Number of protein chains: 2
Amino acid sequence: MKKTLVIVGLGLIGGSMALALKGFEDYEIVGVDVSQPTLRYASEHGVGDRVTEYAADVIPQADVVALALHPQGILDFLHTYKDQFKPGALVWDVCGVKSAILEGANCLPDTVDFIGCHPMAGTEFSGVEHAFAELFQGSHFLLIPRETSQPEHLALLERLAAYMGCKDVHRTTAQAHDALIAYTSQVMHIIAVAVCDDPTLFDCKGYEGSSFRGCTRVAALDVGLWTQLFSLNQPALLEVLDRLIGNLQSYREVLATGDRKALAEKLAFSAARKRQMDLPGPDLLE
Amino acid sequence: MKKTLVIVGLGLIGGSMALALKGFEDYEIVGVDVSQPTLRYASEHGVGDRVTEYAADVIPQADVVALALHPQGILDFLHTYKDQFKPGALVWDVCGVKSAILEGANCLPDTVDFIGCHPMAGTEFSGVEHAFAELFQGSHFLLIPRETSQPEHLALLERLAAYMGCKDVHRTTAQAHDALIAYTSQVMHIIAVAVCDDPTLFDCKGYEGSSFRGCTRVAALDVGLWTQLFSLNQPALLEVLDRLIGNLQSYREVLATGDRKALAEKLAFSAARKRQMDLPGPDLLE
């Protein structure tokens, strides 16, 4: 008899996982979503082996449950279904904040093995109609084991990540993950929206250069999702944001003094860091 | 007899102008540069009709002189050659700061008509070997007339910009130009270098997302050039930088309160501005 892998939430990520994981070992892939149009689309396009509206019907039988909801949706789902998971089940999530999710998962009974994950893939679109099986090709899969995580579950997630097309699985801590994401992604979004708050924005329409477009591209963000991501990663994000503001202030100060030599030295330091960052390394040489 | 249009500085911009302006009306295009390899390359590749090392030989006969040096180089050139321009000559520059250049041009005698210009084109490369005639195709040409600017010179620059391939000529003031450039370009470069100053930069190598790469792309900048551009536009840049830091602080504060509703409202405001900015307008519909 086949085992059951339930994916809760058939958006861009969950839908793409449901497509990418079809045929994985001896698992039947079952998609769950509350939206009728999403279920109809998923059913018509083979997103998973079958789909259902009712999580309560499939969660108690599921060997593996992947939560692909927005962060608050994951926390709410864990709270609602905490006593309905099958004893021995592996439950994991895919969202972009980890400390808050792992803390929320403490509500689960000891019989459930919860492991935080983050396949680092995405596009600027959302919804099942933009899902595609190749979304995870070449991406990193971040894995946050807990002390109680079962080795066979960690091994299962590694095989699963490889089957989806991820190029590697990197084990880290929730704290390190959240600091990484705060810096490499979240604060870039804060910069983008803050730049767009400048009162002269519309006066510049048509005169933006490529640096402006590169910096502000992500400002037209999904407000609901990013409110949750920022809020649930508040401590790490505040730290990065304070460091950024400090580094901007530092440039402001040297600029204000009019000391060109000091400004040139500071720019040389930063530009060298960027060039160092862009050198081919283990990641780029693959 | 042909008129003479001298281009001083055969780098990416000056070299591309020397290529793009060949055949313009009845002008002979004469390139000036102090670098022997640059002169040799220019001569071998037809960058301009002829080239010379000696500005003093050609400036006194030139009807039009275009200064395509770095900003400080323009200021120094004006100071050195102020008494050698032909009476009635049009002198213009192409650099990305205007108030400081126009102030520097006050050293010229009244017989010389200096007009600040800024063809908004460029690439990440520099040097005559990267110059190409099509560089200005579709770009804006910003023109900063002075009270004493002669209408026939303004008209000449408009024809010249059109001949180079610029899609329009926009007349503005030095102050408005410098505020525009401080916001749309300079502060984007300050952001990029400040982000790279974060101590965790190298820990994130290989895990940068597209938002990070988009924001920091321009951080590997030409230190000499940008030190001049920032320094010579200090007042406008400080204003924009202070507004940006204020807008980041404002996001920091609402994030620190933990008030999700307020954060969502703030994000919705900024994201709507970005979407509004991206709507097709006069510029995009062309």
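A. Spatial organisation of the overall build of chain A. When helices and strands are counted, chain A shows 11 helices and 8 strands. Once the C-alpha set of chain A is aligned to its principal axes, its extents read approximately 75 × 40 × 35 Å. Counting all 286 residues of chain A, 53% fall into the buried class. Within chain A, contacts between residues separated by at least 24 positions form 69% of all contacts whose residues are at least 6 apart in sequence. Accessible area of chain A: about 11900 Å², with a carbon and sulfur share of 53%. Of the charged side chains in chain A, 23 are positive and 36 negative, and the gap between their average positions amounts to 6 Å.

B. The relation of the copies chain B and chain A, seen in detail. Mapping chain B onto chain A calls for a screw motion: a turn of 180° about the axis and a shift of 0.0 Å along it, with 0.1 Å RMSD after fitting. On the angle and the small slide along the axis, the relation comes out as a two-fold axis. A shared binding surface is used by both copies, with 100% of the interface residues of chain B retained as interface residues in chain A.

C. Representation of the domain arrangement of chain A within the structure. Residue and element names in this part refer to chain A. Partitioning chain A into structural domains gives domain 1 (3–172) and domain 2 (176–278). Taking only C-alpha atoms, the centre of domain 1 and the centre of domain 2 are 32 Å apart. Taken together, the contact between domain 1 and domain 2 spans 15 residues of the former and 12 residues of the latter. Buried surface at the junction of domain 1 and domain 2, both sides included, amounts to about 1100 Å², of which 68% is carbon and sulfur. Considering only the surface of domain 1 that becomes buried against domain 2, His70, Pro71 and Val97 emerge as the three largest contributors, covering 38% of it. Counting across the interface, domain 1 meets domain 2 through 0 salt bridges.

D. Structural context of the interface of chain B and chain A. Residue-level contacts link 83 residues of chain B with 83 residues of chain A. With both sides pooled, the region where chain B packs onto chain A buries about 7900 Å², and carbon together with sulfur makes up 66% of that total. Considering only the side of chain B, the residues that lose the most area to chain A are Tyr183, Tyr207 and Met277 of chain B, jointly responsible for 11% of the buried surface there. At the surface where chain B touches chain A, the tally comes to 6 salt bridges. As a salt-bridge pair, aspartate 198 of chain A and arginine 243 of chain B come within 2.8 Å of each other at their nearest N and O atoms. At the boundary of chain B with chain A, the tally comes to 34 residue pairs in polar contact (both at pLDDT 80 or more). When grouped by side-chain class, the residues that make up the side of chain B that touches chain A number 45 nonpolar, 23 polar and 15 charged.

E. Region of the structure containing the pattern of salt bridges. Tallying each qualifying case throughout the model produces 20 salt bridges over all chains. Among the ionic pairs, arginine 252 of chain B bridges to aspartate 242 of chain A, the shortest N-O distance being 2.6 Å. Remark: aspartate 242 of chain A occurs in helix α10 (residues 234–257) and arginine 252 of chain B occurs in helix α10 (residues 234–257); the pair is interchain, linking two chains. Classification of arginine 252 of chain B as partly exposed rests on a relative accessible area of 22%. Taking the relative accessible area as the measure of exposure, aspartate 242 of chain A reaches 34% and is therefore partly exposed.

F. Inspection of the sheet that holds strand β2 (residues 27–32) of chain A at higher detail. All names here are of chain A. The 8 strands are arranged β3-β2-β1-β4-β5-β6-β7-β8 in an open sheet whose pairing can be described as mixed. Either end of the sheet is taken by a strand with one partner, and the two such strands are β3 (50–52) and β8 (168–171). The mean angle between the axes of side-by-side strands here comes to 25°, regardless of whether they run parallel or antiparallel. Where strand β5 (residues 90–93) lies against strand β6 (residues 113–119), 4 bridges are found, and the strand directions are parallel.

G. Looking closely at the sheet that holds strand β2 (residues 27–32) of chain B. Residue and element names in this part refer to chain B. A sheet is described by the order of its strands in space; here 8 strands give the open sequence β3-β2-β1-β4-β5-β6-β7-β8, paired in mixed fashion. The sheet is open, and its two edges are formed by β3 (50–52) and β8 (168–171), each paired on a single side. In this sheet, neighbouring strand axes are inclined to one another by 25° on average, regardless of whether the strands run parallel or antiparallel. By the bridge criterion, 4 bridges tie strand β1 (residues 3–8) to strand β4 (residues 64–67) in an arrangement that is parallel.

H. Fine view of helix α1 (residues 12–20) of chain B. Residues and elements named next belong to chain B. Of all 9 residues making up α1, 7 are buried, and the element is well covered by its neighbours. When α1 is considered as a whole, its buried residues turn out to be Leu12, Gly14, Gly15, Ser16, Met17, Ala18 and Ala20. Tucked into the core, α1 has its buried residues touching β1, β2, β4, β5 (90–93) and α6 (151–164).

I. Seen up close, the nonpolar core. Phe85, Ile191 and Leu248 of chain A together with Phe85, Ile191 and Leu248 of chain B are the most contacted members of the largest nonpolar core, which totals 138 residues. Apart from the residues lying within four places of it in its own chain, the contact partners of isoleucine 191 of chain B are Ile191, Val195, Cys215 and Leu248 of chain A together with Cys215 and Leu244 of chain B.

Calculation notes
Residues numbered from 1 in each chain as written. Chains lettered and ligands numbered in written order. Predicted model: local features only at pLDDT ≥ 70, side-chain atom pairs only at ≥ 80, totals over all residues. Heavy atoms only, no water. Helix = DSSP H or I, 4+ residues; strand = E, 2+ residues; numbered from the N terminus. Buried < 20%, exposed > 50% of the residue type's maximum accessible area, 1.4 Å probe, protein only. Contact = heavy atoms within 4.5 Å. Areas by Shrake-Rupley, 256 points an atom, 1.4 Å probe, with all protein chains shown as cover. Lys, Arg positive; Asp, Glu negative; His and termini not counted. Charge placed at Lys NZ, Arg CZ, Asp CG, Glu CD. Least-squares fit on C-alpha atoms with pLDDT ≥ 70 in both. Domains from an automatic or database assignment. Buried area = accessible area lost by both parts, 1.4 Å probe. Salt bridge = Lys/Arg side-chain N within 4 Å of Asp/Glu carboxyl O. Polar contact = N/O pair within 3.5 Å; in protein donor to acceptor, adjacent residues only side chain to side chain. Nonpolar A, V, L, I, M, F, W, Y, C, P; charged D, E, K, R; others polar. Pairing = 2+ DSSP bridges. Axes fitted to C-alpha atoms, helices over the stretch in contact; angles between N-to-C directions. Core = buried A, V, L, I, M, F, W, Y, C linked by side-chain atoms within 4.5 Å.

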